[in-house]
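# Structural characterization, general
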Amino acid sequence: MRNNIYSHLSIFLAWSCKMAGKPLTFVVALTFVLVWVIVGLIWGFSNTWLLVIDTIATINASLMVFIIQNTQNRESKALHLKIDGLIKSIKEAENELIAVEKLGEEELDQIRKKIFI
């Protein structure tokens, strides 16, 4: 059950990220802001009116941070898996470099010294 929820959430986040990067999404957001400004000019920009757009903008920015972070993490994992696959497939490669991103800073510094000195 839990895997199913995470699977659906992951699919939704990937879809959200893809949609957020489309030009049409920008046009829709810009249209929303323009309509908000025009209506605000007609009715006056009360404190409540400003609070609504500030709240929407804050919620949107917060959600986008999580969507972008999820996408970056997924892309980073995929890149590491591809590189690990290449390392594993080359006979002369150092297998200790597979999953090296999980090591601590000191261990990474030791490997860097070993490779580049």
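Residues numbered from 1 in each chain as written. Predicted model: local features only at pLDDT ≥ 70, side-chain atom pairs only at ≥ 80, totals over all residues. Heavy atoms only, no water.

### Here's the deal with helix H2 (residues 23-43)
Compared with the 30 Å implied by 1.5 Å per residue over 21 residues, the 30 Å span of H2 between its first and last C-alpha is a close match. Immediately downstream of H2, the backbone of Gly 44 shows phi near 90°, a positive value. (Helix = DSSP H or I, 4+ residues; strand = E, 2+ residues; numbered from the N terminus. Expected span 1.5 Å × (residues − 1).)

### A closer look at the UniProt feature "coiled-coil region" (unreviewed entry) in the chain
Annotation from UniProt places "coiled-coil region" (unreviewed entry) at residues 76-110. With 57% helix and 0% strand, residues 76-110 has its two end C-alpha atoms placed 23 Å apart. (UniProt positions renumbered as here; feature names shortened; annotations may be inferred.)

### Remarks on the pattern of salt bridges
A complete count under the given rule lists one salt bridge for this structure. A salt bridge links Asp 109 to Arg 112; the nearest nitrogen and oxygen atoms lie 2.5 Å apart. A residue pair is termed a helical-turn pair when its members lie 3 or 4 positions apart in one helix, as Asp 109 and Arg 112 do in helix H4 (residues 105-116) at three residues. The class of Asp 109 is partly exposed, set by a relative accessible area of 31%. (Salt bridge = Lys/Arg side-chain N within 4 Å of Asp/Glu carboxyl O. Buried < 20%, exposed > 50% of the residue type's maximum accessible area, 1.4 Å probe, protein only.)

### Comments concerning the packing of H2 against helix H3 (residues 47-89)
Working note: a packed helix pair is described by the angle between its axes plus the distance between those axes. Orientation of H2 relative to H3, taken along the N-to-C sense of each, is 170°, at an axis distance of 11 Å. The angle between the axes of H2 and H3 places the two elements in the roughly antiparallel class. Residues Phe 32, Trp 36, Val 39, Gly 40 and Trp 43 of H2 form the contact with H3, whose own contacting residues are Trp 49, Leu 50, Ile 53 and Ile 56. Per-class residue counts for the contact of H2 with H3 are eight nonpolar, one polar and no charged. (Axes fitted to C-alpha atoms, helices over the stretch in contact; angles between N-to-C directions. Parallel < 35°, antiparallel > 145°, perpendicular 65-115°, else oblique. Contact = heavy atoms within 4.5 Å. Nonpolar A, V, L, I, M, F, W, Y, C, P; charged D, E, K, R; others polar.)

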